[in-house]
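# Structure assessment
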Amino acid sequence: MKKLYKYKNYLIVTILAAIIFLLFLKLTNIYPFGNLSLSRSDSYNQYQPLIFNYIASIKTHNLSIYSFNIGLGTPLAFSYIYYFASPLNIIALLFNNINDMCFTLTLIRIILTSIFAKLYLSKKIDNEWISTIGSLSYTFSGWLVTYYDQYIWLDIFMIFPLFQYGLVELLEKKKIYLYIYTLSFMLISNFYLTFSICIYTLFYFFIY
């Protein structure tokens with residue numbers, strides 16, 4: 001019971017983040033509350049069908065490493081790395097419905113984002129309510145509102161608070177492990193977007 005009480009603020013953040021996200025879906029008539037899709041643009045045409053297709057290929061033991069559907073053929077390894085490399089995408093193996101897959105992958109990332117932001121802010125702010133409000137403000141910031149459908153990018157947004165915490169730990173206490181683990185996770189999940197994080201890190205070092 002004491003352990004539950006210790007983590008009650010993280011539980012509160014988790015519940016609030018889920019409620020806010022589900023309320024957004026309800027008000028906008030998006031699946032699972034309506035007939036509209038959570039995906040749009042590139043997500044609808046690329047990310048969602050490609051990940052679902054990879055899942056189907058894995059389940060049927062028919063995952064190919066080369067395709068002749070484009071020109072004279074093209075290797076698929078790069079596509080696998082870009083679209084499916086995130087460790088969280090393994091959850092997609094549980095689903096046979098593309099909308100359920102998309103909804104769950106997005107919801108889990110949003111919840112983890114709120115938890116990681118709460119963890120970082122709790123270390124910086126000695127006020128649980130302010131850190132809770134701050135974590136939810138980060139989670140549902142303009143970045144998420146703009147890119148919520150790009151769930152192959154959400155991993156970077158999700159892990160960034162932990163990365164920032166690891167960066168501070170590295171500079172102030174010479175502790176390297178969290179910095180290394182979070183940066184490695186981002187590079188594996190989406191190396192394309194991690195370039196921006198590396199540029200940010202350089203500036204942070206200079207300013208520090």
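Below: a short report on this structure.

## Some points on unusual backbone geometry
A cis amide bond links Y31 to the next residue, P32, at an omega of 15°. You can see P32 is positioned in the loop between α2 (8-27) and α3 (41-59). For N29, which is not a glycine, the phi torsion comes out positive at approximately 60°. Residue N29 is classed as partly exposed on the basis of its relative accessible area of 36%.

## Observations regarding the side chain of D155
For D155, the position within the fold is in helix α8 (residues 154-173). For D155, the side chain forms a polar contact with the side chain of S86, separated by 2.5 Å. When neighbours within four sequence positions are excluded, D155 is seen to be in contact with S86, L88, R109, F185 and S189.

## Quick notes on the nonpolar core
In globular proteins that are soluble, nonpolar side chains generally tend to be buried together. The biggest cluster of nonpolar side chains holds 46 residues, and the ones touching the most others in it are I51, Y151, I152 and F163. Where this core is concerned, the elements lending two or more residues are α2, α3, α4 (77-84), α5 (98-124), α8 and α9 (177-207). The element contributing the most residues to this core is α8, with 11 residues. Beyond its immediate sequence surroundings of up to four residues, I51 is in contact with Y83, F84, N89, A92, M101, Y151 and I152.

## A look at the pattern of salt bridges
Tallied over the entire structure, the rule returns 4 salt bridges. E128 is the salt-bridge partner of K118, the closest N and O atoms lying 2.7 Å from each other. Taken together, the positions of K118 in helix α5 and E128 in helix α6 (residues 128-139) put the pair 10 residues apart, joining distant regions of the chain. Two residues, E169 and K173, come together in a salt bridge whose shortest N-O distance is 3.5 Å. Note that E169 and K173 are positioned in helix α8 at a spacing of 4 residues, about one turn of the helix. By relative accessible area, E169 is classed as buried at 11%. Because the salt bridges share partners, they merge into one network encompassing E169, K173 and K175.

Quick notes on the rules
Throughout, a residue's number is its position along its own chain's written sequence, starting from 1. Totals for whole chains, interfaces and linings use all residues, but because this is a predicted model, local features are given only for residues with pLDDT of at least 70 and pairs of side-chain atoms are given and counted only at 80 or more. Side-chain figures throughout are based on the complete set of non-hydrogen atoms in the structure, without hydrogens or water. Put simply, DSSP H or I for four residues or longer makes a helix, DSSP E for two residues or longer makes a strand, and each gets a number counted from the N terminus. Only protein chains enter the calculation, and the probe is 1.4 Å; a residue is then buried if its accessible area is under 20% of its type maximum, exposed if over 50%, and partly exposed in between. The term polar contact refers here to a pair of N or O atoms within 3.5 Å; inside protein, the definition further demands a hydrogen-donor-capable atom paired with an acceptor-capable atom, and it admits residues adjacent in sequence only when both atoms are side-chain atoms. Here, two residues are considered to be in contact whenever any of their heavy atoms come within 4.5 Å of each other. Note on terminology: a nonpolar core comprises buried Ala, Val, Leu, Ile, Met, Phe, Trp, Tyr and Cys residues joined through side-chain atoms within 4.5 Å. Every case where a carboxyl oxygen of Asp or Glu lies within 4 Å of a side-chain nitrogen of Lys or Arg is listed as a salt bridge.

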